[in-house]
Amino acid sequence: MASAPLDPRTPRYPVTMKYPSFGDTTDNFNFGDFFTIATTSAVSFGAGYALGKPVRVPSMIATGVLGTVAGFLYAFQNSSQRLQGYKEN
């Protein structure tokens, strides 16, 4: 007899905080999260400069800021999932 399917909404790891605040989530950033932010920033600034031929500096700034925000949001999501027990802490 097959077992019941696992519910994806139930945490697989111990829950540290059920509803973490912004400060709790950013305080939980680890080296991998900071590395993610730095890497996406560097790649975005470089790509903006390389691909923005007629207006290199404004293109570099725009893509760099967007890449930095994207890296922060991805790191924030990972940190929040670790606190809520959906990823290993």
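Residues numbered from 1 in each chain as written. Predicted model: local features only at pLDDT ≥ 70, side-chain atom pairs only at ≥ 80, totals over all residues. Heavy atoms only, no water.

Details of the packing of helix α2 (residues 31-51) against helix α3 (residues 56-84)
Turning to step 1, where the next piece is worked out: Between α2 and α3, the least distance of the axes is 7 Å, while the angle of their chain directions is 160 degrees. The orientation of α2 relative to α3 falls into the category roughly antiparallel. Where α2 crosses over α3, the handedness of that crossing is right-handed.
Turning to step 2, where the next piece is worked out: Among the residues forming the contact of α2 with α3, the class breakdown is ten nonpolar, 13 polar and three charged. (Axes fitted to C-alpha atoms, helices over the stretch in contact; angles between N-to-C directions. Helix = DSSP H or I, 4+ residues; strand = E, 2+ residues; numbered from the N terminus. Parallel < 35°, antiparallel > 145°, perpendicular 65-115°, else oblique. Left-handed = near helix turned anticlockwise from the far one by under 90°. Nonpolar A, V, L, I, M, F, W, Y, C, P; charged D, E, K, R; others polar.)

Observations regarding the side chain of S59
Turning to step 1, where the next piece is worked out: With respect to the helices, strands and loops of the structure, S59 is situated in helix α3.
Turning to step 2, where the next piece is worked out: For S59, the residues in contact, after removing those within four places along its chain, are G48 and G52. (Contact = heavy atoms within 4.5 Å.)

Observations regarding the packing of aromatic side chains
Turning to step 1, where the next piece is worked out: Tallied over the entire structure, the rule returns six aromatic pairs.
Turning to step 2, where the next piece is worked out: With 6.3 Å between their ring centres and 45 degrees between their planes, F22 and F72 make a pair best called tilted. Of this pair, F22 sits in helix α1 (residues 22-27) while F72 is found in helix α3, placing the two residues 50 residues apart along the sequence.
Turning to step 3, where the next piece is worked out: Between the aromatic rings of F72 and F76, the centroid separation amounts to 5.9 Å while the plane-to-plane angle is 35 degrees, which identifies the pairing as tilted. Taken together, the positions of F72 and F76, both in helix α3 and four residues apart, correspond to about one turn of that helix.
Turning to step 4, where the next piece is worked out: Owing to a relative accessible area of 26%, F72 belongs among the partly exposed residues under this scheme.
Turning to step 5, where the next piece is worked out: We classify F76 as partly exposed; its relative accessible area is 22%.
Turning to step 6, where the next piece is worked out: Within the aromatic cluster, the residues linked to one another by ring pairs are F22, F29, F34, F72 and F76.
Turning to step 7, where the next piece is worked out: Positioned over the ring face of Y49 is R56, at 5.0 Å from the centre of the ring. (Phe/Tyr/Trp six-rings, centres within 6.5 Å; stacked < 30°, edge-to-face > 60°. Buried < 20%, exposed > 50% of the residue type's maximum accessible area, 1.4 Å probe, protein only. Lys NZ or Arg CZ within 6 Å of the ring centre and 35° of its normal.)

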